[in-house]
Amino acid sequence: LAIDIEELVQNENKLKQAYSVEKELNQALESNNKILQSAYKENRRFGEILCKVHSMVLLLDKEGRIEWVNKAFTEFTGYTNEEARQKVPPELLSGPNSDASFVDEILCSVREKKPITVEAINYTKDKQEYWVQINISPILDERGELDGIISVENIITDRKIKEAKIAAQNTTLREVAWLSSHQLRRPVASILSLSDLLNDSLTEEERMEITHLLKTSAKELDNVSREVTMKINMIETRYNRS
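Note that the coordinates shown come from a computational prediction; the quantities given were computed from them, not determined experimentally.

A. Seen up close, the side chain of threonine 157. Mapped onto the fold, threonine 157 is located in helix 6 (residues 157-183). What makes threonine 157 buried here is its relative accessible area of 19%. Not counting the four nearest positions on each side in its chain, threonine 157 is found in contact with Tyr130 and Trp131.

Written as structure tokens, this is what we have:
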């Protein structure tokens, strides 16, 4: 008795193919799950590192708006992650003494996909002024296109204060050098010239006039010496304080 089993064979082949496809899909799914778990662990570890570093870290989107900030940022500035999100850093952190002139330089560098470092005056949430060094690096996707921006910021307020003190001290030193080379020279030259005149044959009236001029020059020399001493003391006081 002959029975047509062609349709049965075709169905069995389709089942085998379907089973094979399902097996491949399950293997691919298992592989993808492993990749996702690895990526999740890596991202979680990366997030923990960013949260624990002492530097302030900001992740920005392509437009320069804040997407995430680390714990150091929230603790120092007082802004929470929710308060900072979707804000542009210069708008969030600027104040009376802030200078936004470097923003165009940053944008140009980011468009060229190059890192850049700038220094700026920022303000905390309660309007406390601080100096910060900002290190900005573009984040690129697999095609090399801009995908975001990472900003790592370090507080440099103490360094800037010391730099300002040193600059002020250098200015005072230049003033002292000028006084020594110009102001002191004039009365000294006058005293030397007048002393030479005393060796000449002079009348009593002329000698009295020269003596008066010598006293005047001596007083001028004393005043300049006092001014130099005062400025030197000022420098020493600043160094001792710093």
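B. Structural context of the nonpolar core. Core analysis: the biggest nonpolar cluster contains 23 residues, and Ile66, Phe73, Leu92, Ile106 and Ile136 have the highest contact counts within it. At the level of elements, strand 1 (56-60), strand 2 (66-69), helix 2 (71-77), helix 4 (89-93), helix 5 (103-111), strand 3 (116-123), strand 4 (129-140) and strand 5 (146-155) are the ones that each hand at least two residues to this core. If we ignore the near neighbours within four places in the chain, the residues touching phenylalanine 73 are Met56, Leu58, Gly78, Tyr79, Ala84, Leu92 and Leu93.

C. Spotlight on the side chain of aspartate 61. The residue aspartate 61 is located in the loop between strand 1 and strand 2 in this model. Only 2.9 Å separates the side chain of aspartate 61 from the backbone nitrogen of glutamate 63, close enough to count as a polar contact. A polar side-chain atom of aspartate 61 sits 2.9 Å from the main-chain amide nitrogen of glycine 64.

D. How the structure looks around the pattern of salt bridges. Across all of its chains, the model carries nine salt bridges by this definition. Two residues, arginine 65 and aspartate 61, come together in a salt bridge whose shortest N-O distance is 3.3 Å. Residue class for arginine 65 comes out partly exposed when judged on its relative accessible area of 31%. Between glutamate 119 and arginine 159 there is a salt bridge, with its nearest N and O atoms 2.4 Å apart. Of this pair, glutamate 119 sits in strand 3 while arginine 159 is found in helix 6, placing the two residues 40 residues apart along the sequence. Residue classification places glutamate 119 among the partly exposed positions, given a relative accessible area of 31%. Here the salt bridges share partners, and the residues they tie into one network are Glu119, Arg159, Lys160 and Glu163.

E. Region of interest: the pairing of strand 5. Direction of pairing for strand 1 relative to strand 5: antiparallel, over a ladder of five bridges. Looking at the pairing, valine 57 lines up with valine 152 of strand 5. In the sheet, strand 4 pairs with strand 5 via nine bridges, with the strands oriented antiparallel. The residue of strand 5 that forms the bridge with valine 132 is isoleucine 155. In textbook terms, the turn of a hairpin is the stretch between consecutive antiparallel strands, and for strand 4 and strand 5 this stretch comprises five residues, one of which, glycine 144, has a positive phi near 85 degrees.

F. Examining the environment of alanine 189 more closely. Checked against the element boundaries, alanine 189 lands in helix 7 (residues 185-198). For alanine 189, a relative accessible area of 39% gives the class partly exposed. Each C-alpha atom, one on alanine 189 and one on serine 217, is 9.1 Å from the other, the two residues being 28 residues apart in sequence.

G. Molecular detail of helix 5. Listed as buried for helix 5 are Ile106, Ser109 and Val110. Taken end-on, helix 5 shows its buried residues confined to a sector of 100 degrees, consistent with a single buried face. In this structure, helix 5 carries Asp104 and Arg111 as exposed residues pointing more than 90 degrees from its buried face. The elements touched by buried residues of helix 5 are strand 3, strand 4 and strand 5. Of the residues trailing helix 5, lysine 113 is marked for its positive phi of about 60 degrees.

H. Local environment of the sheet that holds strand 2. Taken together, the five strands give an open sheet; going across it, the order is 2-1-5-4-3, and neighbouring strands pair in antiparallel fashion. Strands at the two margins of the open sheet, each flanked by one partner only, are strand 2 and strand 3. Between one strand axis and the next, the sheet turns by 30 degrees as a mean value, whatever way the strands run. Together, strand 3, strand 4 and strand 5 form the strand contacts of helix 5, whose direction differs from that of strand 3 by roughly 145 degrees.

I. Focus on the pairing of strand 1. In terms of residue burial, strand 1 counts as a mostly covered element, since four of its five residues are buried. Note that strand 1 and strand 2 share three bridges and pair antiparallel. Of the residues in strand 2, the one forming a bridge with leucine 58 is valine 69. Between the end of strand 1 and the start of strand 2, which pair antiparallel, lie five residues, with glycine 64 showing a positive phi angle near 90 degrees.

Conventions used here
For every chain, the first residue of the written sequence is number 1, and numbering continues from 1 onward in sequence order. Only residues with pLDDT of 70 or above have their local features reported here, since the model is predicted, and side-chain atom pairs are shown and tallied only from 80 upward, although totals for entire chains, interfaces and linings are computed over all residues. Excluding hydrogens and water, the side-chain values take into account all heavy atoms of the structure. Numbering of helices and strands runs from the N terminus, with a helix taken as a DSSP run of H or I at least four residues long and a strand as a DSSP run of E at least two residues long. Exposure classes here rest on a 1.4 Å probe applied to the protein chains alone. A residue is buried below 20% of its type maximum, exposed above 50%, and partly exposed in between. Note on definitions: a residue-residue contact is assigned when non-hydrogen atoms from the two residues lie within 4.5 Å. The criterion is simple. A nonpolar core is a set of buried Ala, Val, Leu, Ile, Met, Phe, Trp, Tyr and Cys residues joined through side-chain atoms within 4.5 Å. We call two N or O atoms a polar contact when they sit within 3.5 Å, provided that within protein one can donate a hydrogen and the other can accept it, with sequence-adjacent residues counted only if both atoms are side-chain atoms. Every case where a carboxyl oxygen of Asp or Glu lies within 4 Å of a side-chain nitrogen of Lys or Arg is listed as a salt bridge. Any two strands between which DSSP finds at least two bridges are classified as paired. The arc refers to the directions leading from the helix axis to the C-beta atoms. Helix axes are fitted only over the stretch in contact, all axes being lines through C-alpha atoms; the angle between N-to-C directions runs from 0 to 180 degrees.

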